[in-house]
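Read off the chains here:
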Amino acid sequence: MTQVPDELKSFNENIIEEFRANGGKVGGPFEGADLLLLHTTGAKSGQRRISPLAYFTIEGRTIVIGSYAGADRDPAWVHNLRAKPQAHVEIGTDSYDVTARELPTAERDDLYPKVVEAAPVFAEYQSKTSRVIPLFEIAKP
């Protein structure tokens with residue numbers, strides 16, 4: 001697992017605070033986007049982690065994208081979900097337990113264009129990296 005840089009940690013903490021203060025809505029670069037707070041368990045540390053993430057509802061499923069803005073490594077939350085797919089989410093003012101499922105290659109490849117259609121920036125992110133950006137479906141168990 002990778003260490004989260006201090007500036008990203010501070011940025012995320014501000015987003016989390018704004019999200020909770022405004023019923024799940026935030027401004028700035030995420031204004032108008034659907035965001036959730038994903039609570040995972042650290043793969044190595046066992047500590048609880050919270051990551052603010054954009055999510056999409058596609059074909060009735062809630063999908064999160066491990067883009068890390070096109071970085072050459074997966075974000076820490078991806079490693080955490082792979083190690084322990086049981087998680088918790090906050091969406092708007094709702095909060096509940098979920099199980100995450102990483103989409104297998106064929107399913108991911110079928111769905112990624114729909115993510116790009118909803119948010120074209122994800123095409124740019126994929127073009128920046130040689131890794132395949134993973135998609136996860138999160139659902140109530």
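Data block above holds the structure.
Residues numbered from 1 in each chain as written. Predicted model: local features only at pLDDT ≥ 70, side-chain atom pairs only at ≥ 80, totals over all residues. Heavy atoms only, no water.

(A) Just the nonpolar core, in detail. With 15 residues, the main nonpolar core has Leu36, Leu38, Val64 and Trp77 as its most contacted residues. Elements with a contribution of two residues or more to this core: strand S1 (35–41), strand S2 (48–58), helix H2 (76–83), strand S4 (86–91), strand S5 (94–102) and strand S6 (135–139). Residue contacts for Leu36: discarding those within four places in its chain leaves Phe19, Ser51, Pro52, Leu53, Tyr55, Thr62, Val64, Val89, Glu90, Ile91 and Ile138. Membership of the second largest hydrophobic core comes to 13 residues, among which are Ile63, Ala119, Ile133 and Leu135. (Core = buried A, V, L, I, M, F, W, Y, C linked by side-chain atoms within 4.5 Å. Buried < 20%, exposed > 50% of the residue type's maximum accessible area, 1.4 Å probe, protein only. Helix = DSSP H or I, 4+ residues; strand = E, 2+ residues; numbered from the N terminus. Contact = heavy atoms within 4.5 Å.)

(B) A look at the pattern of salt bridges. For the structure on display, the rule yields twelve salt bridges. The salt bridge involving Glu90 is made with Arg20; its shortest N-O contact spans 2.6 Å. In this pair, Glu90 is assigned in strand S4 and Arg20 in helix H1 (residues 6–21), connecting sequence segments 70 residues apart. Arg20 gets classed as partly exposed once you look at its relative accessible area, which sits at 45%. A salt bridge links Arg82 to Asp74; the shortest N-O distance between them is 2.9 Å. The exposure class of Arg82 is partly exposed, given its relative accessible area of 41%. Judged by its relative accessible area of 12%, Asp74 is buried. Within this structure, Glu59, Arg61, Arg101, Glu107, Lys114 and Glu137 form a network of salt bridges that share partners. (Salt bridge = Lys/Arg side-chain N within 4 Å of Asp/Glu carboxyl O.)

(C) Here's a closer look at H1. With 16 residues, H1 should cover 22 Å at 1.5 Å per step; its first-to-last C-alpha distance of 23 Å lies within 8% of that length. Every buried residue of H1 is accounted for by Asn12, Ile15, Ile16 and Phe19. Buried positions in H1, seen along its axis, are confined to an arc of 100° and lie on one side of it. Across from the buried face of H1, at angles greater than 90 degrees, the exposed residues are Asp6, Glu7, Glu17 and Ala21. Elements in contact with the buried residues of H1: S1, S2 and S4. Backbone geometry just after H1 places Gly23 at a positive phi near 60°. (Expected span 1.5 Å × (residues − 1). Arc of directions from axis to C-beta.)

Don't take any of this as a statement about function, it's just geometry.
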